[in-house]
Amino acid sequence: SDTLQAANPFMRRPVIAGNWKMYKTASEAVKYVKEFRSLVQGITDVEIVVAPTFVALHGAAEAARNSNVGVAAQDLYWEREGAFTGEVSGSMIREAGAEFVLTRPIFDLSAFERILPRLTASRLPIIASVFPFESARNAEFMANEVPGVQVPEALMDRMRQCGGAAAEAAEG
């Protein structure tokens, strides 16, 4: 990776990010980050990022201070403020200590392109969760069972018509 970066100075180091979902209380997150940072202190060829819950974000960021462990928010609402129950704005995330923000899984790139300008207004680097589906069944599960995930119907139709897992994975 050092050779690639030397050839292209605009290329970032690879990022390894762990999204903690809804695991660890604030005190557990602080304890974990303090232990984790000592385990990874010599790693310099990748960017290491942890994404605790919002309530643990500030404590985790403080525990990661002056280390090679970055801290990301798990999600971001694009409005600066307003009556959006449970949502968290970019300024709130930055003040809590986040250096990055993750997105929810993205399967509809055109929808992502429409909201990207509003996300970039947060002035936080975005780690976009873009990945392919393994099968039509996987796509249908995500579309029907996972809140907040939008899978384009056209993509699901193409995957259903492929006829076989390998062809579905290639299409998805």
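Our subject is the structure listed above.
What comes next concerns the included structure. Positions within a chain are numbered from 1, following the residues in the order the chain's sequence is written. Given that this is a predicted model, residues contribute local features only at a pLDDT of at least 70 and side-chain atom pairs are listed and counted only at 80 or more, while totals for whole chains, interfaces and linings are drawn from all residues. Excluding hydrogens and water, the side-chain values take into account all heavy atoms of the structure.

Some remarks on the layout of surface pockets
To locate leftover empty space, one rolls a probe as large as a water molecule over the atoms. Each cavity reported here is a set of points on a 1 Å grid over the protein atoms alone in which a 1.4 Å probe fits but cannot get out, each pocket an open set with protein on both sides within 12 Å along at least five of seven lines, and each lining residue one with an atom within 4 Å of a point. Grid points are joined across faces, edges and corners, and a volume is the space filled by probe spheres set on the points. Estimated volume of the largest pocket: approximately 610 Å³. If you trace the largest pocket, you find 26 residues lining it, with N19, K21, Q74, D75 and R104 closest to the centre. For the lining of the largest pocket, the secondary-structure elements that each account for two or more residues are β1 (15-19), β4 (100-106) and β5 (126-130). Broken down by class, the residue content of the lining of the largest pocket amounts to 14 nonpolar, eight polar and four charged. Empty space within the second largest pocket amounts to approximately 490 Å³. Going along the chain from the N terminus, every DSSP run of H or I of four or more residues is numbered as a helix, and every run of E of two or more is numbered as a strand. Residue polarity follows a fixed list, in which Ala, Val, Leu, Ile, Met, Phe, Trp, Tyr, Cys and Pro are nonpolar, Asp, Glu, Lys and Arg are charged, and the others, Gly among them, are polar.

A closer look at the nonpolar core
In this structure, V33, V50, L57 and I93 are the most contacted members of the largest nonpolar core, which totals 27 residues. Mapped by element, the contributors of at least two residues to this core are α2 (26-39), β2 (47-51), α3 (54-64), β3 (69-73), α4 (90-96), β4 and α5 (109-120). If you tally residues by element for this core, the top one is α3, at six residues. Any two residues whose heavy atoms approach within 4.5 Å are treated as being in contact. Sequence-distant contacts of L57, defined by excluding residues within four places in its chain, comprise P52, V71, A72, A73, I93, A96 and A98. The nonpolar core is taken to be a set of buried Ala, Val, Leu, Ile, Met, Phe, Trp, Tyr and Cys residues, with the residues joined through side-chain atoms within 4.5 Å. Summary of the burial criterion: residues with accessible area below 20% of their type's maximum are buried, those above 50% are exposed, and those between are partly exposed, where the area comes from a 1.4 Å probe applied to protein chains only. Core analysis: the second largest hydrophobic core is formed by ten residues, F107, V151, L155 and M159 among them.

Brief notes about the packing of aromatic side chains
In summary, the pairing rule links any two rings of Phe, Tyr or Trp, Trp by its six-membered ring, whose centres are within 6.5 Å, and it sorts them by plane angle into stacked for under 30 degrees, edge-to-face for over 60 and tilted for everything else. Counted under the stated rule, the structure contains four aromatic pairs. Judged by centre distance (5.3 Å) and plane angle (85 degrees), the rings of W20 and Y32 are edge-to-face. Of this pair, W20 sits in the loop between β1 and α2 while Y32 sits in helix α2, placing them twelve residues apart in sequence. A relative accessible area of 32% means that Y32 is categorised as partly exposed. An angle of 40 degrees between the planes, with centres 4.7 Å apart, marks the rings of Y77 and F84 as tilted. Every member of this aromatic cluster is reached through a ring pair, and the members are W20, Y32 and F36. Here, over-ring charges are defined by two tests on the NZ atom of lysine or the CZ atom of arginine: distance to the ring centre within 6 Å, and angle to the ring normal within 35 degrees. Over the ring of W20 we find K24; its NZ or CZ atom is 5.9 Å from the centre of that ring.

Here's the deal with the pattern of salt bridges
Take a side-chain nitrogen of Lys or Arg and a carboxyl oxygen of Asp or Glu: if they are within 4 Å of each other, that pair is a salt bridge. What the rule picks out here adds up to six salt bridges. Between R160 and E153 there is a salt bridge, and its shortest N-O distance comes to 3.2 Å. R160 sits in the partly exposed class, given a relative accessible area of 37%. Shared partners join several salt bridges into a network, and the residues in it are E140, E153, D157 and R160.

Some thoughts on the side chain of S135
Topologically, S135 is positioned in the loop between β5 and α6 (136-145). The class for S135 is buried, based on a relative accessible area of 18%. Within the local environment of S135, its side chain forms a polar contact with the backbone nitrogen of N138, the two atoms lying 3.0 Å apart. Each polar contact in these results corresponds to two N or O atoms within 3.5 Å; when the atoms are within protein, one needs to be able to donate a hydrogen and the other to accept it, and residues that are neighboring in sequence are counted only if both atoms are side-chain atoms.

Observations concerning the pairing of β2
Burial runs high along β2: five of the five residues are buried. The definition of a right-handed crossover adopted here requires that, viewed with the strands pointing away, the path from the first strand over the helix to the second runs clockwise. Viewed along the sheet, the connection from β1 through α2 into β2 turns out right-handed. Each pair of strands is called paired provided DSSP finds at least two bridges between the two strands. One ladder, built from three bridges, connects β2 with β3; its direction is parallel. Considered in β3, the bridge of V49 is made with G70. The β-α-β motif built from β2, the intervening α3 and the parallel element β3 has right-handed crossover chirality.

A word on the environment of I126
Relative to the helices and strands, I126 resides in strand β5. Spatially, the C-alpha atom of I126 lies 9.7 Å from that of L76, the residues being 50 residues apart in sequence. Look past the residues within four positions of I126 in its chain and what remains in contact with it is V101, T103, L116, L119 and T120.

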